[in-house]
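Observations on chain architecture
Read off the chains here:
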There are 2 protein chains.
Amino acid sequence: MQELLKSIQIRVNDKIYLKDPESSELGKNIVRRSIDMIHSMGLEAFTFKKLAIELSTTESTIYRYFENKHKLLIYLISWYWGWLEYEMVLNSINIADPVEKLGNTIETICHPLKNNIEHDHINLQPLHKIIIEESNKAFLTKEVDIENEDGLFSNYKRINDRLIKNIKEINPHYPYANTLASIIIDSSNHQRFLANHFPRLTDIDKTGSDLGSFLVEMVLKTIKTDR
Amino acid sequence: MQELLKSIQIRVNDKIYLKDPESSELGKNIVRRSIDMIHSMGLEAFTFKKLAIELSTTESTIYRYFENKHKLLIYLISWYWGWLEYEMVLNSINIADPVEKLGNTIETICHPLKNNIEHDHINLQPLHKIIIEESNKAFLTKEVDIENEDGLFSNYKRINDRLIKNIKEINPHYPYANTLASIIIDSSNHQRFLANHFPRLTDIDKTGSDLGSFLVEMVLKTIKTDR
DNA sequence: GCTATAAAAATAGTAATACTATTATTATGT
DNA sequence: ACATAATAATAGTATTACTATTTTTATAGC
């Protein structure tokens, strides 16, 4: 199973890239190295020039894969959510009880690397940190609506859809399932950001230990029909 | 009262700027025009050069007020939270019941412009939109820890503290008051962002009409000691 | 009204970024 | 062996994000 997962191809909207980075060794290296570099130096300091030097290639070559570093970021993020969907589905397979499934799903979102999975050319540990520290920048732009229309965020939205469906399985009449789902997903990463940089603003520690159980409890209490 | 509020000086940490923009007409114009420009063109397209042209002045002159556009953004955000604290306090004055106070406070965070307040040189409407669309960029950087140590985010953190205190007044034993508070504040803006750009991910409309009541309900249900 | 001082404006310049274009070289598949 | 595509090398541009220097203008005290 581990082996199967390792070589699985994550589907990423092909409008994100100019040339599929999975289609060549160089492409894979671009992805691999950019994860390390963005993780260690931050998105703003990261440039195609620096990446080109690291890869002993040229800027223009990288530009044949990605239009700009913003698109590269979207690629990484989209890949992440695409990958997480597999994890979510696999982890919750055979779970019939919707409450248990919700718990399992939220736990997966909060601790995606629990299974210690490895991947061919993508290092998940730093990628997850990029998600925590940088991913919001992908849609906090003036181009968000066009890019959204082009489907660049669909992998992200599918994760939301699954959570929404799960919540509605538990309480079909709850009117704020969408809002709750997006809060869960956002918080699963943002609370860890706060733990890293604004510990006063959270009760979660850096490992995110109680995060999952907190979020599950919040959801269940919130959607419970009281009578 | 309106008049009093209009001329009130919002306290902003003086490490954010090089020269206090409130101290001169030009400084006020820098703030005023930058709000309009960032709002209309987005933070990335906004430059000191363009601002200088708009103000018929030069880049170097603007640089005497702010180190760079990032600091200017932090200034605007910090001013906003500083101002919101006044609003929060004023709106909840004389409310003794902590549950009622929480409702009032959250309502203020979600609908800060309800009182149709005007301000001397700061246009609150576009500023609020900047908070919704751009404010996360202020701390999603590699410099966040140094800037946080320097107190650049203290106005923001004080808002959190008030909410935390309020939650603890209702249930002193609830162990996740900090986490819940930061989720509330974050969601009060982020759900409106989603309403604008990802309506499928929220049940809130663009005016944010049910947002306050949803958040209040979520908090109250979550912190309720069930027995 | 004169002068010191500070603020602002004008001017110039630099290193880095975010690209684009052109040509030469190398690899690959038939 | 040849066509094709990918990559590398080289060069260049507009813009950004600054810094430095000098000149002009405004202000406040004497």
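Fair warning: this is a prediction, and the values are worked out from it, not measured in the lab.

Calculation rules
- Residues numbered from 1 in each chain as written.
- Chains lettered and ligands numbered in written order.
- Predicted model: local features only at pLDDT ≥ 70, side-chain atom pairs only at ≥ 80, totals over all residues.
- Heavy atoms only, no water.
- Least-squares fit on C-alpha atoms with pLDDT ≥ 70 in both.
- Near = heavy atom within 4 Å.
- Polar contact = N/O pair within 3.5 Å; in protein donor to acceptor, adjacent residues only side chain to side chain.
- Helix = DSSP H or I, 4+ residues; strand = E, 2+ residues; numbered from the N terminus.
- Contact = heavy atoms within 4.5 Å.
- Expected span 1.5 Å × (residues − 1).
- Bend = angle between axes of the 7 residues up to and from the residue.
- Buried < 20%, exposed > 50% of the residue type's maximum accessible area, 1.4 Å probe, protein only.
- Phe/Tyr/Trp six-rings, centres within 6.5 Å; stacked < 30°, edge-to-face > 60°.
- Nonpolar A, V, L, I, M, F, W, Y, C, P; charged D, E, K, R; others polar.
- Buried area = accessible area lost by both parts, 1.4 Å probe.
- Salt bridge = Lys/Arg side-chain N within 4 Å of Asp/Glu carboxyl O.
- Axes fitted to C-alpha atoms, helices over the stretch in contact; angles between N-to-C directions.
- Parallel < 35°, antiparallel > 145°, perpendicular 65-115°, else oblique.
- Left-handed = near helix turned anticlockwise from the far one by under 90°.

Moving on: the relation of the copies chain A and chain B. A rotation about some axis, followed by a shift along it, carries one copy of the chain onto the other. Between chain A and chain B, the superposition needs a rotation of 180° and an axial shift of 0.0 Å, giving an RMSD of 0.0 Å. The superposition operator between the copies reduces to a two-fold rotation axis.

It is worth spelling out the protein's contact with DNA strand D at this point. Of all residues adjacent to DNA strand D, which total 17 residues, the nearest are A:Thr57, A:Arg64, A:Tyr65, B:Glu59 and B:Asn68. Each atom of DNA strand D within 4 Å of the protein was assigned to sugar, phosphate or base; sugar and phosphate come to 56%. B:Tyr63 is positioned such that a nitrogen or oxygen atom in its side chain is 3.1 Å from a sugar or linking oxygen of DNA strand D. When contributions to the surface near DNA strand D are tallied by element, the ones reaching two or more residues are α4 (59-63) of chain A together with α4 (59-63) of chain B. With three residues, α4(B) is the single largest residue contributor to the surface near DNA strand D.

Time to look at the environment of A:Ala138. Residue and element names in this part refer to chain A. Relative to the elements of secondary structure, Ala138 occurs in the loop between α7 (124-134) and α8 (144-149). Along the primary structure Ala138 and Leu152 are separated by 14 residues, whereas in three dimensions their C-alpha atoms are 10.0 Å apart. Sequence-distant contacts of Ala138, defined by excluding residues within four places in its chain, comprise His70, Leu73, Ile74, Ile77, Glu147 and Phe153.

Residues and elements named next belong to chain B. Taking 1.5 Å of rise per residue, 21 residues should cover 30 Å, and helix α10 (residues 177-197) covers 30 Å from first to last C-alpha, within 8% of that figure. Residue Ser187 marks the point of greatest curvature in α10, where the axis turns by about 35°. Within α10, 20 of the 21 residues are buried, which leaves the element mostly enclosed by the surrounding structure.

Here the focus is the packing of aromatic side chains. One pass over the structure, following the stated rule, counts 28 aromatic pairs over all chains. Note on B:Tyr17 and B:Tyr75: the rings are 6.2 Å apart at their centroids and 70° apart in plane angle, and the pair reads as edge-to-face. You can see B:Tyr17 sitting in the loop between α1 (2-6) and α2 (25-41) and its partner B:Tyr75 sitting in helix α5 (residues 69-92), a full 58 residues away along the chain. Ring centres 6.5 Å apart and planes at 80° place the aromatic pair B:Phe46 and B:Phe48 in the edge-to-face group. On the accessibility criterion, B:Phe48 (4% relative accessible area) is buried. Taken together through their ring pairs, the aromatic side chains of A:Tyr80, A:Trp81, A:Trp83, A:Phe139, A:Phe153, A:Tyr156, B:Phe193 and B:Phe198 make up a single cluster.

Not every one of the 16 residues close to DNA strand C is listed here, only the nearest: A:Glu59, A:Tyr63, A:Asn68, B:Thr57 and B:Tyr65. Across the atoms of DNA strand C situated within 4 Å of the protein, the share located in sugar and phosphate is 58%. One of the side-chain nitrogen or oxygen atoms of B:Thr57 is found 2.4 Å away from a phosphate oxygen of DNA strand C. Contributing elements (two or more residues each) for the surface near DNA strand C: α4 of chain A together with α4 of chain B. In terms of residue count, the dominant contributor to the surface near DNA strand C is α4(A) (three residues). A per-class count over the surface near DNA strand C returns three nonpolar, eight polar and five charged.

Of note, the phi angle at A:Ser56 is positive, near 50°, even though the residue is not glycine. Following the sequence through the fold, A:Ser56 ends up in the loop between α3 (48-54) and α4.

Counting residues at the interface gives 52 residues for chain A and 52 residues for chain B. Summed over both sides, the interface between chain A and chain B buries roughly 4600 Å², with carbon and sulfur atoms accounting for 57% of that surface. Here B:Asp161 and A:Arg200 are joined by a salt bridge, their closest N and O atoms 2.6 Å apart. Taken together, the links from chain A to chain B amount to 28 residue pairs in polar contact (both at pLDDT 80 or more). Every element with two or more residues in the side of chain A that touches chain B is listed here: α2 (25-41), α7, α8, α9 (154-170), α10 (177-197) and α11 (211-223) of chain A. The element contributing the most residues to the side of chain A that touches chain B is α10(A), with 14 residues.

All names here are of chain A. Viewed as axis vectors pointing N to C, helix α6 (residues 98-110) and α10 meet at an angle of 40°, and their least axial separation amounts to 9 Å. For the element pair α6 / α10, the angle class is oblique. The hand of the α6/α10 crossing is right-handed. Side by side, α6 and α10 meet where Ile106, Ile109 and Cys110 of the first sit next to Ile184, Ile185, Ser188 and Arg192 of the second. When its residues are assigned to classes, the contact of α6 with α10 shows five nonpolar, one polar and one charged.

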